[in-house]
Amino acid sequence: MKSVKVNIFDKQKNCKLPTGTRLLIRRACNATLIYENFLEAAEIDVTLVNDEQIRELNKLHRNINSSTDVLSFPLGENGRYDINHETGAYMLGDIVISVEHAFAQAELYGHTIQREIAFLTVHSMLHLLGYDHVNGGLEEATMFEKQEEILKELGHAIVK
């Protein structure tokens, strides 16, 4: 696999993330690309925000005036992506994670914040690669199955 650049921007001050969170996000991005046989050079931006910041983005881009856990902003469509002409890397898009939401969901579901951050990153990466679950059915089942397989490879599978 060619180089993958994951730019991470922490724009929230509400929650202290555990040591290793940035590495985990990078590993989750890489694992998703490997699982999907995306072997080209790639760039992804991941921004960590609070609930108010993600609510504003959700309202601006989706006309939904509430916070959410993660937003995905793909730069490609139908497998075609913008290219950074300086590096030759495919620019896959932006991931925005609400750290406050992630902590709340980790507590709600009884797992670690690391597992939640890994899940949200993998989920969003699949969106950047063209997967969706809005219509349910086979499309949703396929996406969720891939998520769990990738999380298992990262050591963050759901324990039943």
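Treat the numbers as computed from the prediction; the structure is a model and nothing was measured.

Draft legend 1. Region of interest: the overall build of the protein. Regarding its fold elements, the protein presents 5 helices and 5 strands. Put simply, the protein runs from its N terminus to its C terminus through helices and strands in the order β-α-β-α-β-β-β-α-α-α. For 160 residues, the compact-globule formula gives about 15 Å, and the C-alpha radius of gyration of the protein, at 15 Å, lands near that figure. Expressed as lengths along the three principal axes of its C-alpha atoms, the size of the protein is roughly 40 × 35 × 35 Å. Residues classed as buried in the protein amount to 44% of the 160 residues present. When contacts within the protein are restricted to residue pairs at least 6 apart in sequence, long-range pairs at least 24 apart make up 66% of them. Total accessible area on the protein is roughly 8900 Å²; 50% of this is exposed by carbon and sulfur atoms. Of note, the protein has its 16 positive side-chain charges centred 4 Å away from the centre of its 23 negative side-chain charges.

Draft legend 2. Representation of unusual backbone geometry in the model. In the Ramachandran plot, Asn37 falls in the positive-phi region, its phi being about 55° despite a non-glycine side chain. Relative to the helices and strands, Asn37 is located in the loop between α1 (21–35) and β2 (42–49). The phi angle at Asn63 is positive, at roughly 60°, despite the residue not being glycine. Here Asn63 lies in the loop between α2 (51–62) and β3 (70–74). The exposure class assigned to Asn63 is exposed, which follows from its relative accessible area of 63%.

Draft legend 3. Summary view of the side chain of Ser98. With respect to the helices and strands, the residue Ser98 is situated in strand β5 (residues 90–98). Once you skip the residues sitting within four places of it in the chain, Ser98 turns out to touch Val49, Asn50, Asp51, Ile54, Thr68 and Asp69.

Draft legend 4. Main features of the packing of α1 against helix α4 (residues 113–128). One way to put it is that α1 packs onto α4 with a least axis distance of 9 Å and a crossing angle of 40°. For the element pair α1 and α4, the recorded crossing hand is right-handed. In contact with Thr21, Leu24, Ile25, Ala28, Cys29, Thr32 and Leu33 of α1, α4 contributes Gln114, Ile117, Ala118, Thr121, Val122, Met125 and Leu126. Of the residues assigned to the contact of α1 with α4, the class counts are 10 nonpolar, 4 polar and no charged.

Draft legend 5. Main features of the pattern of salt bridges. Scanning the model with the defined rule gives 5 salt bridges in all. The partner of Glu36 in a salt bridge is Lys146, and the shortest N-O contact between them spans 3.0 Å. On the criterion of sequence distance, the pair formed by Glu36 in the loop between α1 and β2 and Lys146 in helix α5 (residues 137–153) is long-range, its members being 110 residues apart. In this structure, Glu36 and Lys146 share a single accessibility class: buried.

Draft legend 6. Seen up close, the side chain of Glu116. Summarising the element assignment, Glu116 is placed in helix α4. For the buried Glu116, no salt bridge exists, and the shortest N-O distance to an oppositely charged side chain is 4.9 Å, to Arg115. Apart from the residues within four sequence positions on either side, Glu116 is in contact with Ala102, Gln105, Ala106, Tyr109 and His111.

Criteria and cut-off values
- Residues numbered from 1 in each chain as written.
- Predicted model: local features only at pLDDT ≥ 70, side-chain atom pairs only at ≥ 80, totals over all residues.
- Heavy atoms only, no water.
- Helix = DSSP H or I, 4+ residues; strand = E, 2+ residues; numbered from the N terminus.
- Rg over C-alpha atoms; globule rule 2.2 N^0.38 Å.
- Buried < 20%, exposed > 50% of the residue type's maximum accessible area, 1.4 Å probe, protein only.
- Contact = heavy atoms within 4.5 Å.
- Areas by Shrake-Rupley, 256 points an atom, 1.4 Å probe, with all protein chains shown as cover.
- Lys, Arg positive; Asp, Glu negative; His and termini not counted.
- Charge placed at Lys NZ, Arg CZ, Asp CG, Glu CD.
- Axes fitted to C-alpha atoms, helices over the stretch in contact; angles between N-to-C directions.
- Left-handed = near helix turned anticlockwise from the far one by under 90°.
- Nonpolar A, V, L, I, M, F, W, Y, C, P; charged D, E, K, R; others polar.
- Salt bridge = Lys/Arg side-chain N within 4 Å of Asp/Glu carboxyl O.

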